[in-house]
Each structure stands twice: as C-alpha cells, then as structure tokens.
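Each chain is listed here by its residues.
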Amino acid sequence: MLTCIDGVIDAPTLAAVREQLADPARFQSGAATAAGRARQVKHNLQGVDTDPQVRGVTRLLERTLWEHPVFRAAARPRQLARLLLSRYEAGMAYGTHIDAPQIDGVRTDVSFTLFLSEPDSYEGGELVIESGAGEDAIKLPAGALVCYPSSFLHRVAPVTAGTRLVAVGWVRSEVRSAEQRGLLFALDSALARLAEQPGDPAAIAELSNIRANLVRMWLDA
Ligand SMILES: O=C(O)CCC(=O)C(=O)O
Ligand SMILES: [Fe+2]
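If you look the protein chain up in an unreviewed UniProt entry, it shows as Fe2+-dependent dioxygenase from Parahaliea mediterranea.

Okay, here's the thing in structure tokens:
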C-alpha cells in the first residue's frame, strides 16, 4: 500500500531547508551509499553527511517525521534506519531497484520519499513504484511524503530539467507486515473520524479495544 501525506513540512521550514542546501558543494555522488545492483543504476547526488548544514537539515527532518502523527500511524516506526538528502539534476535518474533489506543493521520495512522541491520547478523525476497492481508514478507537492513497503521495486524517472531535491529514508516498523500496517492505518483513520462527531461511545470503545488487541497481536517489538 502506498500512502501519501500532505504538508509534513510547512512552507517556511521548506524555504529554510532549500536555502541551507542550495550550494551544490554540499552534495556528492550517490553511489557512495548504494549496494549491489542498485549501485549500477543510481545516478544522483546526496548530501555529504559530514557537512554541518546537511546534518542540521537531516536532524530537523528526522525529528519532524518522528513526531508527525499521520506518518507515525502509517509507518508505525520503531527505528529510523537512515535519512538521506538526494539531489537530481538534469540527466540524473535512479533505475529500477530494490532497497537493501538492512541499512546500518536496521531492517527496512517502509521506504519513504519526502519531496522538498516544488513539482513545477523540475521536469520528470517521478518516483515510479511497482506494486502488485501495476505502476504508480508519484510526484508530490513540496512538503508532502509518500511511504511504501520496502519490498516494492521502484525507480526515479530521469529528471529532464531543473533540480529535484528530496529526503529519502527507511523505517523499521513495529508492525512488520504491510497488510497489517494498512489495516491498522485504516482503523486509526476511521476511529479519528468517529471521534470528531457525536456517536455511540460504547461502539467507539469497542472499536478502540479491537485496535489495541490487533496491535498487541501484531507487534514486532
Ligand atoms: O528519490 C526517490 O524518490 C527515491 C530514491 C530511492 O529509491 C533510493 O534512494 O533508494
Ligand atoms: Fe530506493
């Protein structure tokens, strides 16, 4: 299941982040962090992790994501394996690959892309995800995020003009199965809607109890 979440980063923060990452010298070849077959198809740039601005932005984004209620409900993060700032200039792309099953010793259950560039500021650069039901080409507004099971093949279509700046990352989830995470996310969303209107408190309590018991059954922690 793919989940898109709007407005994860607000406009002033986005502007500050883009400003801090504007200097291309803060980026190096993306091949440094690709393993196996992915290395052959990875043509992009990524933030130099010793650069103080890159570190500052990375920490800020990690913190924001960790505290974001909808991201937490969708990904159920137990640990953030890594967050990378990636930059694609005209001619760059990332061919079809699968993400490593472990990054820095952390199992990868959920992959995500947080879009930092406005979609009309570059051409191409869609994140194309192959789920069982076919391909989805994702290009979201700046500040929005897509998360998807790390088991899906995916690629970044060539950028043909402009610069695509994103943060990509991987999560070890406390619910390992994508199907179970999807059910819990749907249940959470329905319960949040029910809580907004006067309804049947006993029914809401019953549903909350079912949710808690499913979490207990499925928790990988
Ligand atoms: O840039 C993206 O949206 C995804 C990049 C990617 O697949 C990766 O870094 O593994
Ligand atoms: Fe990937």
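There's plenty left to go through after this.
Let us now look at the site of ligand 1. As a structural note, the neighbourhood of ligand 1 is formed by Y88, Y94, H97, D99, T113, L127, H154, V156, R164, V166, V168 and W170. The side chain of T113 places a nitrogen or oxygen atom 2.8 Å from an oxygen atom of ligand 1. Within the side chain of R164, an N or O atom sits 2.8 Å from an oxygen atom of ligand 1. Protein chains bury 98% of the 300 Å² of accessible surface belonging to ligand 1 in isolation. At the level of secondary structure, the elements contributing two or more residues to the shell around ligand 1 comprise β6 (93-97), β14 (153-156) and β16 (164-173). At four residues, β16 tops the list of elements feeding residues into the shell around ligand 1. The residue makeup of the shell around ligand 1, split by class, is seven nonpolar, three polar and two charged.

With that settled, consider the packing of helix α1 (residues 11-20) against helix α3 (residues 52-67). Running from N to C, α1 and α3 cross one another at 155 degrees; their axes reach a closest spacing of 10 Å. Judged by the inter-axis angle, α1 sits roughly antiparallel to α3. The handedness of the crossing between α1 and α3 comes out as left-handed. Note on element contacts: α3 touches α1 through Q53, V57 and L60, opposite T13, V17 and Q20. The residue makeup of the contact of α1 with α3, split by class, is three nonpolar, three polar and no charged.

Criteria and cut-off values
- Residues numbered from 1 in each chain as written.
- Chains lettered and ligands numbered in written order.
- Predicted model: local features only at pLDDT ≥ 70, side-chain atom pairs only at ≥ 80, totals over all residues.
- Heavy atoms only, no water.
- Near = heavy atom within 4 Å.
- Polar contact = N/O pair within 3.5 Å; in protein donor to acceptor, adjacent residues only side chain to side chain.
- Areas by Shrake-Rupley, 256 points an atom, 1.4 Å probe, with all protein chains shown as cover.
- Helix = DSSP H or I, 4+ residues; strand = E, 2+ residues; numbered from the N terminus.
- Nonpolar A, V, L, I, M, F, W, Y, C, P; charged D, E, K, R; others polar.
- Axes fitted to C-alpha atoms, helices over the stretch in contact; angles between N-to-C directions.
- Parallel < 35°, antiparallel > 145°, perpendicular 65-115°, else oblique.
- Left-handed = near helix turned anticlockwise from the far one by under 90°.
- Contact = heavy atoms within 4.5 Å.

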